[in-house]
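Coordinate inspection notes
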Amino acid sequence: MGVQANTRAIEKEIVTDFSERMSYGSYLDLDTLLSAQKPVSRPEHHDELLFIIQHQTTELWLKLVLHETLAARDAFDADDIGRALKCVARVKHIQKTLTEQWSVLATLTPTEYSEFRQFLGNSSGFQSYQYRAVEFVLGNKNAGMLKVFEADPAAHELLDRLLREPSLYDAFWQCLSRLGYDVPASALNRDVTAAYSLNDDLMPLIKFVYENSEEHWAVYEAFEEFVDLEENFQLWRFRHMRTVLRTIGMKSGTGGSSGVGFLQKALELTFFPELLAVRTEIGR
């Protein structure tokens, strides 16, 4: 039977007794999740809930991004390029969701935000250890960032470990070397604790792959997936900067940064510089 009186009948096979069964809410631990929003403004301001949920959901997505990028690195370590790129593809979809989320926060007007901003103290998204962890795994390492997390031993330990481990990009070049590609020693033996920077020694190999893509399709595809990953990350950074500008103008950040000026500098950071630089060389 169809819907009658605008009411859908509950099918008799649908489980309704959860006294001894695991339910949707218990599986997701919704009691914990939905009680984690604790506004600090007094009196409580209506729009602070939006601000909290925006950042909490971002952290949940970052947890999954970190999970997938580490899995991609493990796959490269196992010389499984296909499995690594499957993980990267998922990250790309997550990035689109993260970027679009800024449009929700952008509904917070400067007046509305100013009514509870002072209650935030020095808490700031700058202190997101998961965001830093993702940056580290992608190669944008900065040992100076660890000082921010000295009061959080678990976060500090994670970042210190990732600082000393190869990045996703490092693992990729090691993988290609094992697969027989002529990867220069400067890429294989670099100081992995340093932020990755342009390595001209890699340019001939990258150009060769682009110009002979049919014979080296898996590597060619990996290059383009990395470019997508970086572009999505930059779009996220740009939307972050523009949302902050829209909301607080040129005020300093709650964590002590210069605010918009500091975020603008992030747009100059890069993960896979050779893959962009090679575009100038192709076709010459």
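- As annotated in an unreviewed UniProt entry, the protein is Tryptophan 2,3-dioxygenase from Rhodococcus wratislaviensis.
- According to UniProt, the comment filed for the protein under the heading Pathway (unreviewed entry) is "Amino-acid degradation; L-tryptophan degradation via kynurenine pathway; L-kynurenine from L-tryptophan: step 1/2."
- According to the UniProt record, the Subunit (unreviewed entry) comment for the protein reads "Homotetramer."

Comments concerning the state of the cysteines
- Taken as a whole, this structure holds zero disulfides when the rule is applied.
- Free cysteine: Cys 87, not disulfide-bonded; nearest cysteine sulfur from Cys 175 at 13 Å.
- For Cys 87, a relative accessible area of 9% corresponds to the buried category.
- With a relative accessible area of 0%, Cys 175 lands in the buried category.

Considerations on the side chain of His 45
- With respect to the helices, strands and loops of the structure, His 45 is situated in the loop between helix H2 (30-34) and helix H3 (48-77).
- Given the relative accessible area of 14%, His 45 is considered buried.
- Those residues in contact with His 45 that lie beyond four places of it in its chain are Glu 112, Glu 115 and Phe 116.

Quick word on helix H11 (residues 217-248)
- Compared with an ideal rise of 1.5 Å per residue, which puts 32 residues at 46 Å, H11 spans 46 Å between its outermost C-alpha atoms and is within 8% of the ideal.
- Gly 249 sits one or two positions beyond H11 and adopts a positive phi of about 65 degrees.

Basis of the calculations
- Residues numbered from 1 in each chain as written.
- Predicted model: local features only at pLDDT ≥ 70, side-chain atom pairs only at ≥ 80, totals over all residues.
- Heavy atoms only, no water.
- UniProt positions renumbered as here; feature names shortened; annotations may be inferred.
- Disulfide = S-S within 2.5 Å.
- Buried < 20%, exposed > 50% of the residue type's maximum accessible area, 1.4 Å probe, protein only.
- Helix = DSSP H or I, 4+ residues; strand = E, 2+ residues; numbered from the N terminus.
- Contact = heavy atoms within 4.5 Å.
- Expected span 1.5 Å × (residues − 1).

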